[in-house]
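# Secondary and tertiary structure notes
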Amino acid sequence: MRIPRIVIAGATSGVGKTSITCSIIYGLQKKGFTVQPFKVGPDYIDPGYLSSISKHETFNLDAWLMGEKQLLNSFLLNSKSSISVIEGVMGYYDGFGGDSNYASTHHVASLTKSNVILVLDASKTSRSIAATALGFLKFHRNSRISGIILNKIGSKKHELLCRSALEKNKIPIIGIIPKDPLLNMPSRHLGLISTLENKVLKKQIKKISKIISENLDINQIIKIAKNSSDLPKQTKPKYKKTKTTIAVALDTSFNFYYQDNLEALRREGAKLKFFSPVKDKKIPKCDGLYIGGGFPEVLGNSLEKNQIMKKSIKKLSEDNLPIYAECGGLMYLTKSILSENKKYKMIGLFDAETKMTNKMRLNYTKGKIISKNTIAEKLHNFQGHEFHYSHLDSVSSDSKFAYALEIGEGIKTHQDGLIQDNTMASYGHLYFDSSNYAEIFVKNCIKSSKR
């Protein structure tokens, strides 16, 4: 199976991978190609930027969450455009631990047999940039690096010094990006700002992408992408007949979803209807509810004021409707969210209060499902991830939890997944196809429709 593809990796986080990946997508489209974007890791923000430019939904590729086989399956199934572009995560070899490349960008590049373009921050260096490049080329016996992009070049003299230093490495330099604060993407505490927030941001992304793309050798990038080895063919999955409807919260407060998770629900026979807890007064007629992560604290005032929505969701839970919520969704289901000395009343389904902090909790998670719930019928091991700047206070002592964590913090004492009636809400995020989560959730929604 021939799939032209390329991975955009960075020496570290913050070298400009997202803006440069968007620019490569922009440049490829100007050459007449359609582009399917992917993002390495469990990130929710960067995919929105890539989707904004490509006009295609971005799919995550994470070996820890998905497993190697499922990762490759997802890549093969979703590579339907002229060229697939994969944005890396953190530094090129950074993954689950320091002793291997597992779950790193290099791991994903190896699994997908993709050529790699390495982005280097050239600011505050000249000849030493060659030592950095050489280290990445030699660190692994097959680095897969086929080109280098130098970011934050200060002047023509600076460019010449870096080019001279890198000449002996014999790796083509296919981009020289000038140092310019105007080319930096805006960011927020969880990473880059969600593109759902405003149209101005989308215009800014396009403007930055256009400028940077003019400093890239798009023809060379195309050549590298096309010089890819064949991959095995993948059998298309079968879709079950639609038998139930799941309402999915999607707006500027709740927009952290893996596209594969949504597709898994559809594949199991669910019709998805999207709604906004911020603006809508009604929840679509449904048999189940899915509230993903996001930034509920940012629009806490709007969420608080939408009393009809809060009461409706609470009543659905009390009526035993299957509800699954992650991170921001969990926060929304607590009694309140305290952010910057302002307290916003939320749904109050769970007897706990959410407090925003300055401490980032970022972990891959691993543990056991210890209680049956709306997405799990059997007790088994699982792997996921958590990423939040909040914690829950005043959690009731008689709270029932779904997960016992071996790795990760969770809600309380390494426990996660609060259970109330047929509702389960966790700080942790799951990849549905790593188990039969979608199948069980849809099954419970079908039961709900028959009551």
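Residues numbered from 1 in each chain as written. Predicted model: local features only at pLDDT ≥ 70, side-chain atom pairs only at ≥ 80, totals over all residues. Heavy atoms only, no water.

## Details of the sheet that holds strand 3 (residues 59-61)
Ordered in space as 3-2-4-1-5-6-7, the seven strands form an open sheet in which the pairing is parallel. Sheet topology places strand 3 and strand 7 (173-178) at the edges, where each strand pairs with a single neighbour. Adjacent strand axes in the sheet meet at a mean angle of 25°, parallel and antiparallel pairs treated alike. Strands in contact with helix 1 (residues 17-30) are strand 1 (5-10), strand 2 (35-40), strand 4 (83-87), strand 5 (116-121), strand 6 (145-153) and strand 7; relative to strand 4, the strand with the most contacts, it is inclined by about 170°. (Pairing = 2+ DSSP bridges. Helix = DSSP H or I, 4+ residues; strand = E, 2+ residues; numbered from the N terminus. Axes fitted to C-alpha atoms, helices over the stretch in contact; angles between N-to-C directions. Contact = heavy atoms within 4.5 Å.)

## Examining the environment of T58
Take T58: it is sitting in the loop between helix 2 (45-54) and strand 3. When its relative accessible area of 3% is taken as the criterion, T58 is described as buried. Taking the C-alpha atoms as reference points, T58 and D46, 12 residues apart in sequence, are found 9.0 Å from one another. What T58 contacts, discounting residues up to four positions off in sequence, is Q36, P37, F38, K39, P47, L50, S51 and Q259. A distance of 2.8 Å separates the side chain of T58 from the side chain of S51, its partner in a polar contact. (Buried < 20%, exposed > 50% of the residue type's maximum accessible area, 1.4 Å probe, protein only. Polar contact = N/O pair within 3.5 Å; in protein donor to acceptor, adjacent residues only side chain to side chain.)

## Some details on the side chain of H106
Note on placement: H106 falls in helix 5 (residues 105-111). There is a polar contact of 2.7 Å between the side chain of H106 and the side chain of N101.

## Section: the packing of aromatic side chains
In total, this model carries 18 aromatic pairs according to the counting rule given. Members of the aromatic cluster, joined through ring pairs, are Y257, Y290, Y324, F432 and F441. (Phe/Tyr/Trp six-rings, centres within 6.5 Å; stacked < 30°, edge-to-face > 60°.)

## Some remarks on the UniProt feature "site: Increases nucleophilicity of active site Cys" (unreviewed entry) in the chain
With numbering matched to this structure, UniProt assigns "site: Increases nucleophilicity of active site Cys" (unreviewed entry) to H429. Topologically, H429 is positioned in the loop between strand 22 (423-426) and helix 14 (437-449). When its relative accessible area of 2% is taken as the criterion, H429 is described as buried. Among residues more than four places away in sequence, those in contact with H429 are Y44, L65, G293, E326, C327, G384 and H385. In this structure the side chain of H429 is engaged in a polar contact, spanning 3.0 Å, whose partner is the side chain of Y44. (UniProt positions renumbered as here; feature names shortened; annotations may be inferred.)

## Some thoughts on the UniProt feature "active site" (unreviewed entry) in the chain
Here the UniProt-annotated "active site" (unreviewed entry) positions come out as C327. Looking at the element boundaries, C327 is found in the loop between strand 15 (323-326) and helix 13 (328-333). The contacts of C327, once residues within four sequence positions are left out, are G293, F387, H388, S426, Y427 and H429.

## Overview of unusual backbone geometry
Unlike most non-glycine residues, K55 shows phi in positive territory, near 65°. When you line up the elements, K55 lands in the loop between helix 2 and strand 3. We note that S394 has phi near 55°; this positive angle belongs to a residue other than glycine. With respect to the element layout, S394 can be found in the loop between strand 19 (381-393) and strand 20 (400-407).

## Things to note about the packing of helix 1 against helix 8 (residues 199-213)
Each pair of packed helices gets described by two things: the angle between the helix axes and the distance between those axes. In contact at an axis separation of 8 Å, helix 1 and helix 8 are set at 75° when each is read in the N-to-C sense. Here helix 1 lies roughly perpendicular to helix 8, going by the angle between them. The segment helix 1 lies against helix 8, with S19, I20, C22, S23, Y26 and G27 engaging I205, K206, I208, S209, K210, I212 and S213. Of the residues that constitute the contact of helix 1 with helix 8, the class distribution is six nonpolar, five polar and two charged. (Parallel < 35°, antiparallel > 145°, perpendicular 65-115°, else oblique. Nonpolar A, V, L, I, M, F, W, Y, C, P; charged D, E, K, R; others polar.)

## Digging into helix 14
Taking 1.5 Å as the rise per residue, helix 14 with 13 residues should run 18 Å; its terminal C-alpha atoms sit 18 Å apart, in good agreement. Looking at helix 14, one finds that the buried residues are Y437, A438, I440, F441, V442, N444, C445, I446 and S448. (Expected span 1.5 Å × (residues − 1).)

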